[in-house]
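Observations on the model geometry
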Amino acid sequence: MHAAFEHVGTTGGLSWKRHLHRSRAFPFSWHFHPEIELTLITAGTGTRYVGDNIEPYEPGQLTLLGSGVPHAFVSAAPGRHEAAVIHFRPDFLGTGLFEAPEFGAVGGLLTGADHGLQLTVSDELALRLVELTSSDGAAGTLSLLDALVRLAERGPGRQLASPGYRALRPDSSRRMDEVFGFLHAHYPDPIRLDDVAAVAHLSSAAFSRFFRRATGRTFTAYLTELRVGAACRLLADTDRAVADIAAACGFGNLSNFNRRFRELKDLTPRSYRALFRR
């Protein structure tokens, strides 16, 4: 696994970057960058990681990520996957722009994105964001500003990472990149604390402290949330039996799976499946 810092840069002729990302799969890549990111999923399903938050994603979902927020979008299975992605620095048009009265609501929205936000988006605005991925010049930049204003008018969005979450420090990013890569690959298997501590080249006690500082929660709590997030996707996308899904996602028995699922989602697995499909 490579270091988590990602160099984004800009699109030629613009002070920000835009692209329509198409692929048969979105591989796991836990990374961060100083740019703010807007990601609109336009095709495909999978799991979204934002800080210490793990949730399924689906088409039509819009995520706003603040500067330095670690994240990853991982597709559920190979197929058609597409996302409209826009990156910009907070000061891409000069310092103080989003402190001006007419852009104050946008400034508040960007501040809230320090923990990641899921935003509501109309069909019209979603189309505008997709069109931005082929926009150029002053017209494209004005269209981006207009989209940000419209998003801010729709409300503050739903915070994703927990309030106590702190972004990864650059000196810890590589180690956490390796840890999250290991967990994503092996979460269905029995995983001991010693196994993951060895990946990080730390003792079990030191790893526990390190992991909690980096993610805001214990290793056990994070692994449980990862497994429940994977179960959510299987409940939504397949007709597999609940007991089969529990076993496939690393839970040793069905009663423990039901208990942990309800703690995190306030629903039973069967209720979640029924609600999601409605």
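Above this text you will find the structure in question.
Rules used throughout
Residues numbered from 1 in each chain as written. Predicted model: local features only at pLDDT ≥ 70, side-chain atom pairs only at ≥ 80, totals over all residues. Heavy atoms only, no water. Salt bridge = Lys/Arg side-chain N within 4 Å of Asp/Glu carboxyl O. Helix = DSSP H or I, 4+ residues; strand = E, 2+ residues; numbered from the N terminus. Buried < 20%, exposed > 50% of the residue type's maximum accessible area, 1.4 Å probe, protein only. Pairing = 2+ DSSP bridges. Contact = heavy atoms within 4.5 Å. Axes fitted to C-alpha atoms, helices over the stretch in contact; angles between N-to-C directions.

Under the defined criterion, the tally for this structure stands at eleven salt bridges. Between Asp 146 and Arg 150 there is a salt bridge whose closest N-O contact spans 2.8 Å. Of this pair, Asp 146 and Arg 150 both sit in helix 3 (residues 137–153), four residues apart, which is roughly one turn of that helix. A relative accessible area of 28% means that Asp 146 is categorised as partly exposed. Overall, the relative accessible area of 34% leaves Arg 150 in the partly exposed class.

Let's shift gears to unusual backbone geometry. Despite not being glycine, His 201 has its phi angle at roughly 60°, a positive value. If you trace the backbone, His 201 turns up in the loop between helix 5 (193–199) and helix 6 (204–215). For His 201, a relative accessible area of 66% translates into the label exposed.

Moving on, we come to the sheet that holds strand 2 (residues 36–43). Across the sheet, which stays open at both edges, the six strands sit in the order 1-7-2-5-8-9 with antiparallel pairing between neighbours. Each edge of the sheet is formed by a strand with only one pairing partner; in this case those strands are strand 1 (17–23) and strand 9 (158–159). As paired strands, strand 5 (residues 62–65) and strand 8 (residues 117–119) are joined by three bridges and run antiparallel to one another. Pairing of Leu 62 across the sheet is with Leu 119, part of strand 8. Where helix 2 (residues 123–132) meets the sheet, its contacts fall on strand 1, strand 2, strand 5 and strand 7 (81–88), and the angle it forms with strand 2 comes to roughly 110°.

An order of 4-3-6 is seen for the three strands of this open sheet, with the pairing classed as antiparallel. Where the open sheet ends on each side, the last strands, each with one partner, are strand 4 (53–57) and strand 6 (71–75). Ignoring which end each strand starts from, the neighbouring axes of this sheet average 20° apart. Pairing geometry for strand 3 (residues 46–50) and strand 6, over five bridges, is antiparallel.

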